[in-house]
Amino acid sequence: MELARIEELIEKYFQGETTLAEEKQLKQYFSTETVAAHLEHYKPLFNYLTVNEKEQFNIEVSLPTKKRFSAAWIAIAASLVFFGGLFAYLNYKPSPAPAQVASNLGSFDSPEEAFEETQKALALLSENVNEGVESIAYLNEYEKSKQLIFKK
């Protein structure tokens, strides 16, 4: 076999681009006694591969078997599901019809009563907005303190 061809195959081998037939050619070349002097250091590699491809792994590995659920655990789970369903069935209360709910929304007998309820709702909204504004002021103070400590 040409020396240039062998060098080309070695380059392809180390790039991971050789086919099995090309690797077989390399193994055959390096198993002979007429190996070029500058390629002698590759000889142990290819001889090792030739010897070790015949090795086989003969140790028997025993894997642990899966533990299965016993009948007692299945019975316990089934009874829990049954009693959960029974509890849900006995405590089920149907929701009122949508027409009944819609008739009670936002209707008052007198304008004064409606005005009072509106004031209550707006006062609650105002309290929540004021809490938000106070927390913003706290964040602004924090930002000022941070600017004093960490000057840019």
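For the structure itself, look to the data block above.
Residues numbered from 1 in each chain as written. Predicted model: local features only at pLDDT ≥ 70, side-chain atom pairs only at ≥ 80, totals over all residues. Heavy atoms only, no water.

Colleague: Please clarify how the nonpolar core should be interpreted in this entry.
Modeller: Ile 6, Leu 9, Ile 10, Leu 26, Tyr 29, Phe 30, Val 35, Ala 36, Leu 39 and Phe 46 form the largest nonpolar core, which has 10 residues in total. Those elements that provide at least two residues to this core are helix H1 (3-15) and helix H2 (20-31). If near-sequence neighbours (up to four positions away) are discounted, Leu 26 is found in contact with Ile 6, Leu 9, Ile 10, Tyr 13 and Phe 46. (Core = buried A, V, L, I, M, F, W, Y, C linked by side-chain atoms within 4.5 Å. Buried < 20%, exposed > 50% of the residue type's maximum accessible area, 1.4 Å probe, protein only. Helix = DSSP H or I, 4+ residues; strand = E, 2+ residues; numbered from the N terminus. Contact = heavy atoms within 4.5 Å.)

Colleague: What is the right way to read the side chain of Lys 43 from this model?
Modeller: Along the chain, Lys 43 turns up in helix H3 (residues 43-52). Looking at Lys 43, the relative accessible area reads 16%, which means it is buried. Reaching out from Lys 43, the side chain makes a polar contact with the backbone oxygen of Thr 32 at a distance of 3.4 Å. What Lys 43 contacts, discounting residues up to four positions off in sequence, is Phe 30, Thr 32, Glu 33 and Val 35. (Polar contact = N/O pair within 3.5 Å; in protein donor to acceptor, adjacent residues only side chain to side chain.)

Colleague: Looking at this model, I keep getting lost on the pattern of salt bridges. Mind explaining?
Modeller: Any two side chains of opposite charge can pair, on the condition that their charged atoms come close. This model, assessed by the stated rule, comprises five salt bridges. Between Lys 146 and Glu 143 there is a salt bridge, and its shortest N-O distance comes to 3.8 Å. Taken together, the residues span about one helical turn, with Lys 146 and Glu 143 both in helix H6 (residues 111-149) at a distance of three residues. Its relative accessible area of 33% is what places Lys 146 among the partly exposed residues. Connected through shared salt-bridge partners, Arg 5, Glu 8, Lys 12 and Glu 22 make up one network. (Salt bridge = Lys/Arg side-chain N within 4 Å of Asp/Glu carboxyl O.)

Colleague: Help me understand the packing of aromatic side chains in this model?
Modeller: Each aromatic ring pair is described using two quantities: the centre-to-centre distance and the angle formed by the ring planes. Enumeration over the complete set of coordinates arrives at five aromatic pairs. Consider the rings of Tyr 13 and Phe 14, whose centres lie 5.4 Å apart with planes at 80°: the pair is edge-to-face. In this structure an aromatic cluster arises from ring pairing among Tyr 13, Phe 14, Tyr 29, Phe 30 and Tyr 42. (Phe/Tyr/Trp six-rings, centres within 6.5 Å; stacked < 30°, edge-to-face > 60°.)

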